[in-house]
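What follows is each chain in one-letter form.
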Amino acid sequence: MKSKRSLLIRITTVVVLLLIAGAMFIVGRGHTIYIDNKTLEYDGQTYSAAHRAEIFVNGEKIAKLSKRERGMATCMGQSFTMEVTITQDKGDEPKTYTITQQLPYSMDGIVINLPGYLAGLSEEAYLTPFVSMATTTEDEEAPTEDDLMMDEGMGAEDLSIPSDI
Amino acid sequence: MSTKPINTKEKNPLQKATGFLRNNSVPVMFILICAVCIPISGFSPSYLLSEIVTRMGRNTFLILSLLIPIMAGMGLNFGMTLGAMAGEIALIFVSDWQIWGIPGVILAMIISIPFSVLLGLLCGKILNMAKGREMVTSYIISYFINGIYQLIVLYMMGSLIPIIHSSIKLPRGYGIRNTVSLLNMRQCIDNLLAINIGGVKIPMLTFIIIAGACLFIIWFRKTKLGQDMRAVGQDMQVARDAGINVERTRIISIVISTVLAGFGMILYLQNMGNISTYSSHSQIGMFCIAALLVGGASVDKASIGNVFLGVTLFHLMFIVAPQAGAKITGDSMIGEYFRVFVSYGVITVALVMYETKKRKAKSLLGAQLRLDQLKEEDEVK
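Below: a short report on this structure. (Residues numbered from 1 in each chain as written. Chains lettered and ligands numbered in written order. Predicted model: local features only at pLDDT ≥ 70, side-chain atom pairs only at ≥ 80, totals over all residues. Heavy atoms only, no water.)

## Let's talk about the pattern of salt bridges
Residue and element names in this part refer to chain A. All chains considered together, the criterion is met by nine salt bridges over all chains. The partner of Arg70 in a salt bridge is Asp36, and the shortest N-O contact between them spans 2.5 Å. Highlighted residues: Arg70 in strand β6 (residues 69–76) and Asp36 in strand β1 (residues 30–37), separated in sequence by 34 residues. The salt bridge partner of Lys61 is Glu54, with a shortest N-O separation of 3.8 Å. For Lys61, a relative accessible area of 42% translates into the label partly exposed. In this structure, a network of salt bridges that share partners links the residues Asp36, Lys38 and Arg70. (Salt bridge = Lys/Arg side-chain N within 4 Å of Asp/Glu carboxyl O. Helix = DSSP H or I, 4+ residues; strand = E, 2+ residues; numbered from the N terminus. Buried < 20%, exposed > 50% of the residue type's maximum accessible area, 1.4 Å probe, protein only.)

## Digging into the packing of helix α5 (residues 80–96) of chain B against helix α7 (residues 134–156) of chain B
All names here are of chain B. Relative orientation of the contacting elements α5 and α7 amounts to 15°, with a least axis distance of 9 Å. One finds that α5 runs roughly parallel with respect to α7. Every pair of crossing elements has a handedness; the one defined by α5 and α7 is right-handed. Residue-level inspection shows Thr81, Leu82, Met85, Glu88, Ile89 and Ile92 of α5 in contact with α7, the latter providing Ile141, Ser142, Ile145, Asn146, Tyr149 and Val153. Looking at the contact of α5 with α7, its residues break down into eight nonpolar, three polar and one charged. (Axes fitted to C-alpha atoms, helices over the stretch in contact; angles between N-to-C directions. Parallel < 35°, antiparallel > 145°, perpendicular 65-115°, else oblique. Left-handed = near helix turned anticlockwise from the far one by under 90°. Contact = heavy atoms within 4.5 Å. Nonpolar A, V, L, I, M, F, W, Y, C, P; charged D, E, K, R; others polar.)

## As for helix α3 (residues 45–64) of chain B
Compared with the 28 Å implied by 1.5 Å per residue over 20 residues, the 27 Å span of α3(B) between its first and last C-alpha is a close match. Helix geometry: α3(B) is bent most strongly at B:Arg58, by close to 35°. (Expected span 1.5 Å × (residues − 1). Bend = angle between axes of the 7 residues up to and from the residue.)

## Description of the environment of B:Thr18
Residue and element names in this part refer to chain B. With respect to the helices and strands, the residue Thr18 is situated in helix α1 (residues 13–23). Judged by its relative accessible area of 39%, Thr18 falls in the partly exposed class. Thr18 sits 246 residues away from Gly264 along the chain, and the two C-alpha atoms are 37 Å apart.

## Regarding a negative patch on the surface
Together, B:Glu376, B:Glu377, B:Asp378 and B:Glu379 make up a negatively charged patch on the protein surface. Structurally, B:Asp378 is set in helix α15 (residues 332–380). (Patch = residues over 30% accessible without salt bridge, like charges linked within 9 Å, V, L, I, M, F, W, Y side chains within 5 Å. Areas by Shrake-Rupley, 256 points an atom, 1.4 Å probe, with all protein chains shown as cover. Lys, Arg positive; Asp, Glu negative; His and termini not counted. Charge placed at Lys NZ, Arg CZ, Asp CG, Glu CD.)

## Description of the layout of surface pockets
A volume near 1200 Å³ is recorded for the largest pocket. If you trace the largest pocket, you find 27 residues lining it, with A:Arg10, A:Thr13, B:Leu225, B:Ile252 and B:Ile256 closest to the centre. Here the lining of the largest pocket takes eight residues from helix α1 (residues 2–27) of chain A, the largest share from any one element. Considered class by class, the residues forming the lining of the largest pocket number 17 nonpolar, five polar and five charged. (1 Å grid on protein atoms, 1.4 Å probe; cavity = no way out; pocket = protein on both sides within 12 Å on 5 of 7 lines; lining within 4 Å. Points joined across faces, edges and corners; volume = space filled by probe spheres on them.)

Right, here's the structure in full:
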């Protein structure tokens, strides 16, 4: 009886931990959102960039974009909300939009084209994955023998203490 | 058989003071060192306080993980490095899966549990085969597991174990870079509920977590398992005769310590904001043990109070020693060497004192037995 209870408690603990882990996967998934104020060509139509776009996330201004400029925000979770104040042409009255976008789980960096979104196009037209252009050299960041403490054993290198522990 | 103590005389205040100094020689020595070094270093009290609070939040949980094996009579668990490695592996995965902030920390803690449990089981089983030599054995185990850790992280991750992001992977396509950034979870626990008093940031959530760990240890001591551990720690043979499964109890104590060390390492690294993949864990056991000993703990006795006193004194010395060394000798490296000397020295002193005490107690017991035998012989005559 006691062992049954104990087994039940163990299984429940594991299940609860797995559920929490699953929730953390969804809640904590981080994305980097790139907001483009660039003219979009789609299906033979041209959706021109706004003269000025101001982006606010959680009440904080994160970017002020002119034509052909890109802003960046980070977001945790699967939904991203921002407020955009658009001045379409110079001298126009600014209009404010609240945009909520569901984010694909698989994408780390997501590019949202503002003119495309505001024109009400389909998601595939205005939402694209961000592709990093960064390049690295072969030996960059590779651990050296010192990093791995090879051949030194309890040598002098082991005795050094980092200043910030 | 008579069990009267040999020395029944009341102690005078001088003897009491000498006894106190002998029992607390390490903390007293450190208080003196800090008292000398602080004015020389020239740091302001608010700076020192701020640094101490930060380091206390960063290190305390790790040091708390050492208490349970001491309670079970297994000495200072150098094998806590295994838990630190488990925590690092979990953080590498979480970083690759792009889970940020507090959810990332929680997920890393959950992922570290199975690794820590497995490593703790292995360590506990080996330590059961090396009873009486637990400390040196756990020290060598940490080197052995470090080799396996390097094999996994340097060759298996990215080739056998999927790692997606090139910011984590080495450019050759497999293996993990020297440094993994935890920028997206940096100080997320420390900053939540943090309060600022006179320019000193107090990471309340971190301290709440540490308080939780302290409460867990206090509660655990009172449980059946905790009592069993204390019994095993006092005398294994008596505990076995009382029906306690000594080997199992010892393994559980190491497993708990390893799991707590894994959590502690995650808290430590979220504060730092990056992982030095191949070296973060290598010295952590040594620092934590040194800090605990500085707090007045010994190989067979340690309390939560020792942890807090130890973190404060040890890190205070760490902060002021380089600057004081630079002021006195004109070379800050002297202070750095002093820190190294003190870290290893304090462990050596504690081990020597433990062995001396043990031998003294043994010889006292022998003398007591001899006296009892003589008394019995006199009575027979």
